[in-house]
Amino acid sequence: MWKEIEAAPADAILGLTEAFKKDTRFAKVNLGVGVYKDDEGNTPILDSVKAAEKRIIEIQNTKSYMPIAGEAAYGEEVQKMIFGSLCDRAETIHTPGGTGALRVAADLLAKFGSKTIWVSNPTWANHNNIFQAAGLTIKTYPYYDAKTKDLDADGFFAALEKIPADDCVLLHACCHNPSGVDLSTDQWKQVAQIAQKNGWFALVDFAYQGFGISLDADRIGVDELLKSGIDFFVASSFSKNFGLYRERTGALTAVAATPADAETAMSHMKATARVLYSNPPAHGGMIVTTILKDAELSKLWKSELDGMREHIAQARAALAEGLTARGVPMDCSFMTRQKGMFSFSGLTKDQVNFLKEEKAIYIVGSGRINVAGLTHGNLGFVCDAIAEAMKK
Ligand SMILES: Cc1ncc(COP(=O)(O)O)c(C=O)c1O
């Protein structure tokens, strides 16, 4: 079967981690994959998660199947997190990570939508893979302006105006991956108005809630879409904000015109999930529900989330300061304006290659730096190397 088949290319981001692991150089740094790291370079299990796991182990009495949509309590807690309260015209299913949520949504768009999805230029590379696998046609809208290192607002809104009814528009709720450039409240209002006027759907990728400004402030885009009354999906991931990467914990929420429509959406989300993975993995969802339903654990988790966000903000400031001090030919202030773990550094492919080959510093080919990979220990070395690459 495989003799005539060409090997698939390594994943652009996870493939980089594989290469990093094989690198035997001592002073190597991985700024590729989007995983949070503390100042020691570790991706810790949160204390709130450890405490919830202890409780779960004590009371869990079965490993029987989960319901296809996951537990109802989980769906309720997800809705409170993304909307601020329950929404009677929304239904939520528990999915294996944000990736699982995006794939279920993509299958539903292929079945019931216009089969065309619009993604930002640039976007997370796996969006394209997921939508292509579901048979959708992918089109792009302008988003990032490499010159200003900010939103290409004119190009963005002009493109949204032209998107026809029934097409779907993928929007990043906050911490845009890979650019770190987010929409303001007014810009979200404008997006919601255009969506309502033109009759297109939205799929909101919410992979970083709490990593931008705060848990609540990061909901602004979802809030505006909800107020506009359009139909949309929200794909949540708890990989980053609960640190549950390998537990594959996410959710897909369908917002419809009426509660009855939302129930119809739920029936199809379940039918799709049944085919793709049957029912969700239980452990991560139980952790999230246990934390969010308990006032004390919630308080602890929120403080841990605040800590992660503040650590990233400090790393951004330190990187901008370190590069400026080394006289790089670039205004680095954009690094502190961007939100989330990523900074679109403006490094070219050649510079990224130089950093990998000569300095054992791993960055995604697009120049996206995972700022959370910077530590006290490697910051000076990374700044020296980037400054050298930029001056070349
Ligand atoms: C923008 C974006 N969406 C979705 C995901 C998927 O998250 P998960 O690991 O929960 O599948 C990621 C993960 O990096 C992401 O960056």
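See the structure printed just above.
Residues numbered from 1 in each chain as written. Predicted model: local features only at pLDDT ≥ 70, side-chain atom pairs only at ≥ 80, totals over all residues. Heavy atoms only, no water.

Undergrad: Mind laying out the overall build of the protein chain, listing which residues take part and the relevant values?
TA: Scanning the protein chain from N- to C-terminus turns up 14 helices and 13 strands. Judged by the C-alpha coordinates and their principal axes, the protein chain covers about 60 × 55 × 55 Å. Here the protein chain holds 392 residues, and the buried ones make up 54% of them. Long-range contacts, defined as pairs at least 24 residues apart, comprise 75% of the intrachain contacts of the protein chain with a sequence gap of at least 6. About 17700 Å² of surface is accessible on the protein chain, with carbon and sulfur atoms providing 53% of the total. In the protein chain, which carries 42 positive and 47 negative side-chain charges, the distance between the mean positions of the two groups comes to 3 Å. (Helix = DSSP H or I, 4+ residues; strand = E, 2+ residues; numbered from the N terminus. Buried < 20%, exposed > 50% of the residue type's maximum accessible area, 1.4 Å probe, protein only. Contact = heavy atoms within 4.5 Å. Areas by Shrake-Rupley, 256 points an atom, 1.4 Å probe, with all protein chains shown as cover. Lys, Arg positive; Asp, Glu negative; His and termini not counted. Charge placed at Lys NZ, Arg CZ, Asp CG, Glu CD.)

Undergrad: For the sheet that holds strand 4 (residues 137-142), give the residues involved together with the corresponding values.
TA: Overall, mixed pairing links the 7 strands, which are arranged 2-10-9-8-7-3-4 in an open sheet. Each edge of the sheet is formed by a strand with only one pairing partner; in this case those strands are strand 2 (90-95) and strand 4. Going from strand to strand, the sheet's axes swing by 25° on average, the running direction of each strand aside. Bridge count between strand 7 (residues 168-172) and strand 8 (residues 201-206): 5 bridges; the pairing is parallel. (Pairing = 2+ DSSP bridges. Axes fitted to C-alpha atoms, helices over the stretch in contact; angles between N-to-C directions.)

Undergrad: I'd love a proper account of helix 10 (residues 282-293), names of residues and values included.
TA: For helix 10, built from 12 residues, the straight-helix expectation of 16 Å at 1.5 Å per residue is met to within 8% by its first-to-last C-alpha distance of 16 Å. Of all the residues in helix 10, the buried ones are Gly 284, Gly 285, Ile 287, Val 288, Thr 289, Ile 291 and Leu 292. Against the buried residues of helix 10 lie helix 2 (47-59), helix 3 (72-83), strand 2 and helix 11 (295-325). (Expected span 1.5 Å × (residues − 1).)

Undergrad: Please give an account of the pairing of strand 8 that cites residues and values.
TA: Most of strand 8 is tucked away, with 5 of its 6 residues classed as buried. Note that the unit made of strand 7, helix 7 (residues 185-198) and strand 8 has a crossover that is right-handed. Sheet topology note: the strand 8/strand 9 (residues 232-237) ladder contains 5 bridges and is parallel. Residue Asp 205 lies in a different strand from strand 9, and its bridge partner there is Ala 235. For the segment spanning strand 8, helix 8 (residues 220-228) and strand 9, crossover handedness is right-handed. (Right-handed = clockwise from strand over helix to strand, strands pointing away.)

Undergrad: Talk me through the pairing of strand 7; I want residue IDs and the actual numbers.
TA: For strand 7, the buried fraction is high: 5 of the 5 residues fall into the buried class. Here strand 7 shows no split at all, with Cys 168, Leu 170 and His 172 on one side and Val 169 and Leu 171 on the other all buried. Sheet topology note: the strand 3 (residues 116-121)/strand 7 ladder contains 2 bridges and is parallel. Bridge pairing links Ile 117 to Cys 168 in strand 7.

Undergrad: Pulling in residues and values, what's your account of the packing of aromatic side chains?
TA: We describe a pair of aromatic rings using the distance from one ring centre to the other and the angle between the two ring planes. Overall, the coordinates contain 11 aromatic pairs when judged by the stated rule. Taking 5.6 Å as the distance between ring centres and 90° as the angle between the ring planes, the aromatic pair formed by Tyr 143 and Phe 156 counts as edge-to-face. Here the residue Tyr 143 occupies a position in the loop between strand 4 and strand 5 (144-145), and Phe 156 occupies one in helix 6 (residues 153-162), the gap between them amounting to 13 residues. Using a relative accessible area of 0% as the deciding quantity, one classes Phe 156 as buried. Linked through ring pairs, Tyr 36, Tyr 208, Phe 211 and Phe 342 together constitute an aromatic cluster. The side chain of Lys 28 reaches across the aromatic face of Phe 20, ending 4.6 Å from its centre. For Lys 149, the ring lying beneath its charged end belongs to Phe 334, and the centroid distance is 5.1 Å. (Phe/Tyr/Trp six-rings, centres within 6.5 Å; stacked < 30°, edge-to-face > 60°. Lys NZ or Arg CZ within 6 Å of the ring centre and 35° of its normal.)

On their own, these measurements won't tell you what the molecule is for.
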